[in-house]
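This is what each chain is made of:
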Amino acid sequence: MKLSRRSILLGAGSLPFAVASLRAGALAQTAPTTQNAEVPPILFVHGNGDYDALWMTTLWRMESNGVARDRMAAINFTDPNARSDDKVEQANRSSTEDQRRELAAAIADLKRRTGAPRVALVGSSRGGYAIRNVIRNGGTGDVSHAVLCGTPNHGVFATDDQPNNEFNGRGTFLRSLNEGESEVTPGTAFLTLRSDGMDKYAQADGRFIGKPGTPTGVTVEGPELKGATNLVLGALDHREVAFHPRAFREIYKFIAGREPARIAIVPEQSVRLSGLVTGTPGGVSTNRPVAGATVDVFRVDPDTGERRGGAVHSAKTGADGRWGPAQVEPSWFLEFVLTSPDAPTTHIYRSPFARSSDVVHLRAARPLGPADKDAGAVVIMSRPRGYFGLPRDVVLLDGKEPADVKPGVPTDSAATLRLPAAEAGRNIVAQFGEERIVARAWPASENRIAIAELTY
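Just so it is clear, the structure is predicted and the values come from calculations on it, not from any experiment.

Q: How should the pairing of strand β5 (residues 143-149) be read in this particular structure?
A: Within a regular strand, side chains alternate between the sheet's two faces. Taking burial as the measure, the seven residues of β5 include seven buried ones, the bulk of the element. When strand β4 (residues 119-124) meets β5, the two strands line up parallel, connected through six bridges. Within β5, the position partnered with Ala120 by the bridge is His145. After leaving β4, the chain enters helix α3 (residues 126-139) and then returns to the sheet as β5, a path that is right-handed. Pairing geometry for β5 and strand β6 (residues 189-194), over five bridges, is parallel. Its bridge partner lying in β6, Ala146 is registered against Phe190. For the crossover from β5 across helix α4 (residues 172-178) to β6, the handedness is right-handed.

Okay, here's the thing in structure tokens:
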């Protein structure tokens, strides 16, 4: 079934993020308790350089539609970044075989925990490669559904050089997955979700991968697969086709066989948060745990970012890198203070957490560098589940559109504000759409960085 020209326009996808603006005293609802027994267990698979925490809002939406929390899981690949040459070992990076092996183990674990004969897999970007690889190599009997969100199934580029780069559409890996009249494995139902021209990894011009003016050999239709149901989600970007409410609707509908009862996230009355502290050995982002890190959690004023009392939770990580659980309310805006070895003290400001989560992962900010040498304070606005699109989105940092966010096809998921020393300590507003976070600009002289991390 090919619907590649269909543009999915879901009105609920533009609903205000009501959860992010809850205040103390707001009425907390309880999510449906009816389990969707006919829905297979679902395993979510993140993309290159990412972690399982990106699926948090999707997990919340699934729970809000009655999917039991213990029938879902999200894998956290040890080394999420790909090698430049799939056949050559590279420190803190993974091969396609590494990812296939880790995913196969996660599938077996979810089947064991739930007793289900098969599971559904949902992957973002590179995560779709691992899904296709595990299914193609004997896993179809374990997998009922495969949803590939923005996966560059025909490559980020398709050229005759770099034959062992897994992102090369003409390379060894993708040719092995795409050979044959059908590009999907019989016995598993496949769905692909893609953007209508706003995916930076499905562009004909190489400027989005550092080669301006050089043809990539791929098109906006690159994520589609022969033999799959292929849907277009309009002007969503590379990450939004996995994590946006529109994407959730199609993921749920494909796996459950019906429309979700709701798109909105239903808040819980009491919220427990925990997660993992990870590091960047050798400058490469990994999901390896960091021991000896301190995590302090504060409730902050939503309008000023100032703390309301002392820490509501303090913890020091052990060998497993875990922190928590912290007990919070679903209306609280929060500040997480991460003190990690050999890294700046990182102040992470977040919107209220509507529901409990054990994937609230924390990674220290990058070290202050040459560009920061004259800054009195550094504030970063980060959007892990999507990019900033100008003029598509409302993106404001301290009341202005960030100068380091490029217009057109969305390519930037972070923006940086550097303030003079005289302005250190003041409050900075980060605004994306209807999500608004107020952060404090901590003094860079104390080796501190503030991050306003968007949830939506």
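Q: Help me understand the sheet that holds strand β8 (residues 271-278) in this model?
A: Either a parallel or an antiparallel arrangement is found when strands of a sheet pair, and the pairing is made through backbone hydrogen bonds. Spatial ordering of the open sheet is given by β11-β8-β14, a layout of three strands whose pairing is mixed. Two strands close off the open sheet at either side, each with one partner strand: β11 (322-328) and β14 (362-363).

Q: Can you help me understand unusual backbone geometry in this one?
A: Where the residue is not glycine, phi is negative for most of them; where a peptide bond is considered, it is trans in most cases. Omega for the bond connecting Gly324 with Pro325 falls within 30 degrees of zero, at 5 degrees, which places this linkage in the cis form. In this structure, Pro391 follows Leu390 across a cis peptide bond, with omega equal to 10 degrees. Structurally, Pro391 can be placed in the loop between β15 (377-382) and β16 (395-397). With a phi angle near 50 degrees, Ser125 is a residue other than glycine that sits in the positive phi range. Tracing the backbone shows Ser125 in the loop between β4 and α3.

Q: Would you explain the sheet that holds strand β9 (residues 294-300) in this entry?
A: Across the sheet, which stays open at both edges, the seven strands sit in the order β10-β9-β12-β13-β20-β15-β17 with mixed pairing between neighbours. The open sheet has two edge strands, β10 (313-316) and β17 (414-419), and neither has a second partner. Shown here is a sheet whose adjacent strand axes are inclined to one another by a mean of 20 degrees, direction ignored. Note that β9 and strand β12 (residues 333-339) share seven bridges and pair antiparallel. Looking across to β12, one finds that Phe298 is bridged to Glu335.

Q: Any chance you could explain the environment of Asn48 here in plain terms?
A: With respect to the element layout, Asn48 can be found in the loop between β2 (42-45) and α1 (56-64). Given the relative accessible area of 31%, Asn48 is considered partly exposed. In this structure, the C-alpha to C-alpha distance between Asn48 and Gly213, residues 165 residues apart in sequence, is 25 Å. Side-chain polar atoms of Asn48 contact the backbone nitrogen of Ala82, separated by 2.8 Å.

Q: I'm lost on the pairing of β8 in this one. Help?
A: Judged by how many residues are buried, β8 sits mostly within the fold: seven of eight residues are covered. Judged from the five bridges that link them, β8 and β11 form a sheet pairing that is antiparallel. Paired with Leu276 across the two strands is Arg322, which belongs to β11. One ladder, built from two bridges, connects β8 with β14; its direction is parallel. Across the sheet, the residue bridging to Thr278 is Arg363, located in β14.

Q: Mind showing me how you'd approach the confidence of the model for the protein chain here?
A: Detailed conclusions should not be drawn from predicted coordinates in areas where pLDDT is low. Model confidence for the protein chain is summarised by a mean pLDDT of 92, while 92% of its residues fall at 70 or above. Contacts for the low-pLDDT stretch residues 1-34, under 50 throughout, to residues beyond four places or in other chains number 76 contacts.

Q: Sorry, what's going on with α1 here?
A: Helical geometry: 3.6 residues make up each α-helical turn, so side chains three or four residues apart lie on a common side. Where burial is concerned, most of α1 is hidden: nine out of the nine residues are buried. Within the sequence span of α1, burial applies to Met56, Thr57, Thr58, Leu59, Trp60, Arg61, Met62, Glu63 and Ser64. Looking at the packing, one finds that the buried side of α1 touches β2, β3 (72-74), α5 (240-243), α6 (245-256) and β13 (345-350). Looking one or two places after α1, you find Gly66, whose phi comes out positive at around 90 degrees.

Q: Looking at this model, I keep getting lost on the nonpolar core. Mind explaining?
A: Here is a general trend for soluble globular proteins: nonpolar side chains tend to be buried in one another's company. Within the largest apolar cluster, 58 residues are counted, with the highest numbers of intra-cluster contacts made by Trp323 and Phe336. The leading source of residues in this core is α6, at seven residues. Residues in contact with Phe336, not counting those within four places in the same chain, are Leu273, Asp296, Val297, Trp323, Thr346, His347, Ile348, Arg350, Phe353, Val360 and Leu362. Among the nonpolar cores identified, the runner-up in size contains 24 residues, and Phe388, Ala415, Ala430 and Leu454 belong to it.

The rules behind the values
Residues numbered from 1 in each chain as written. Predicted model: local features only at pLDDT ≥ 70, side-chain atom pairs only at ≥ 80, totals over all residues. Heavy atoms only, no water. Buried < 20%, exposed > 50% of the residue type's maximum accessible area, 1.4 Å probe, protein only. Helix = DSSP H or I, 4+ residues; strand = E, 2+ residues; numbered from the N terminus. Pairing = 2+ DSSP bridges. Right-handed = clockwise from strand over helix to strand, strands pointing away. Axes fitted to C-alpha atoms, helices over the stretch in contact; angles between N-to-C directions. Polar contact = N/O pair within 3.5 Å; in protein donor to acceptor, adjacent residues only side chain to side chain. pLDDT = per-residue confidence, 0-100. Contact = heavy atoms within 4.5 Å. Core = buried A, V, L, I, M, F, W, Y, C linked by side-chain atoms within 4.5 Å.

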